[in-house]
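If you want the building blocks of each chain, they are given just below.
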Amino acid sequence: MYEPIRAKSVHSTMAGTTADFPHRSREEELDIQLAGHLAALLAVTDELRTAAPSAGLDASAERLTEQVARLRGGRTPTRASRGRRERSAVALHRRAHALAGRALVVAASRADTAAAILAAECMDAHSAALEPRTLTSH
């Protein structure tokens, strides 16, 4: 009733051909992901530094640069020019807080204490910047 298959299949499986393309370990993938989150956080930090320069943001940017370079095997991240952007400081702090949270999750997943501490500190700083300031009089 059915005719037997006489030709070799045109479809192939990946079984036995894993050497055809490069593989990354889980650690390498997490390093890439963490470096990306920290680089994005650095870009937002640079925008905040342009909008409202401060020593705290300068120190944070330097620490972020060091961590990204460490994760990328010594390659320093490309920094944004100090061009004027029209985003509000509140929106930038919210974005930075979210990016720091993502970096914290990945850093904790790969047990990178230095990056986790930096991300947690960034989250705290941006969270504090979002809180309404209360004035007290004596």
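Everything that follows concerns the structure shown earlier in this document.
Draft legend 1. Representation of helix H4 (residues 113–130) within the structure. For H4, spanning 18 residues, the distance from its first C-alpha to its last is 26 Å, which sits close to the expected 26 Å at 1.5 Å a residue. Those residues of H4 hidden inside the fold are in contact with helix H1 (26–51), helix H2 (55–71) and helix H3 (89–109).

Draft legend 2. Seen up close, the side chain of Asp112. Positionally, Asp112 belongs in the loop between H3 and H4. Of the polar contacts made by the side chain of Asp112, one reaches the side chain of Arg70; its length is 2.6 Å. Setting aside residues no more than four positions away along its own chain, Asp112 makes contact with Leu34, Arg70, Leu71 and Ala107.

Draft legend 3. Representation of unusual backbone geometry within the structure. A positive phi angle, close to 60°, is found at Ala111, a residue other than glycine. If you trace the backbone, Ala111 turns up in the loop between H3 and H4.

Draft legend 4. Quick peek at the packing of H2 against H4. It is the contact of H2 with H4, at a shortest axis distance of 11 Å, that shows an interaxial angle of 150°. It follows from the interaxial angle that H2 and H4 lie roughly antiparallel. The way H2 lies across H4 gives a crossing that is left-handed. Facing Ser60, Arg63, Leu64, Gln67 and Arg70 of H2, the residues of H4 in contact are Ala114, Ala115, Leu118, Glu121 and Cys122.

Draft legend 5. Just the environment of Val105, in detail. For Val105, the position within the fold is in helix H3. Given the relative accessible area of 58%, Val105 is considered exposed. Placed 11 residues apart in sequence, Val105 and Ala116 show a C-alpha to C-alpha distance of 7.9 Å.

Parameters and conventions
Residues numbered from 1 in each chain as written. Predicted model: local features only at pLDDT ≥ 70, side-chain atom pairs only at ≥ 80, totals over all residues. Heavy atoms only, no water. Helix = DSSP H or I, 4+ residues; strand = E, 2+ residues; numbered from the N terminus. Expected span 1.5 Å × (residues − 1). Contact = heavy atoms within 4.5 Å. Polar contact = N/O pair within 3.5 Å; in protein donor to acceptor, adjacent residues only side chain to side chain. Axes fitted to C-alpha atoms, helices over the stretch in contact; angles between N-to-C directions. Parallel < 35°, antiparallel > 145°, perpendicular 65-115°, else oblique. Left-handed = near helix turned anticlockwise from the far one by under 90°. Buried < 20%, exposed > 50% of the residue type's maximum accessible area, 1.4 Å probe, protein only.

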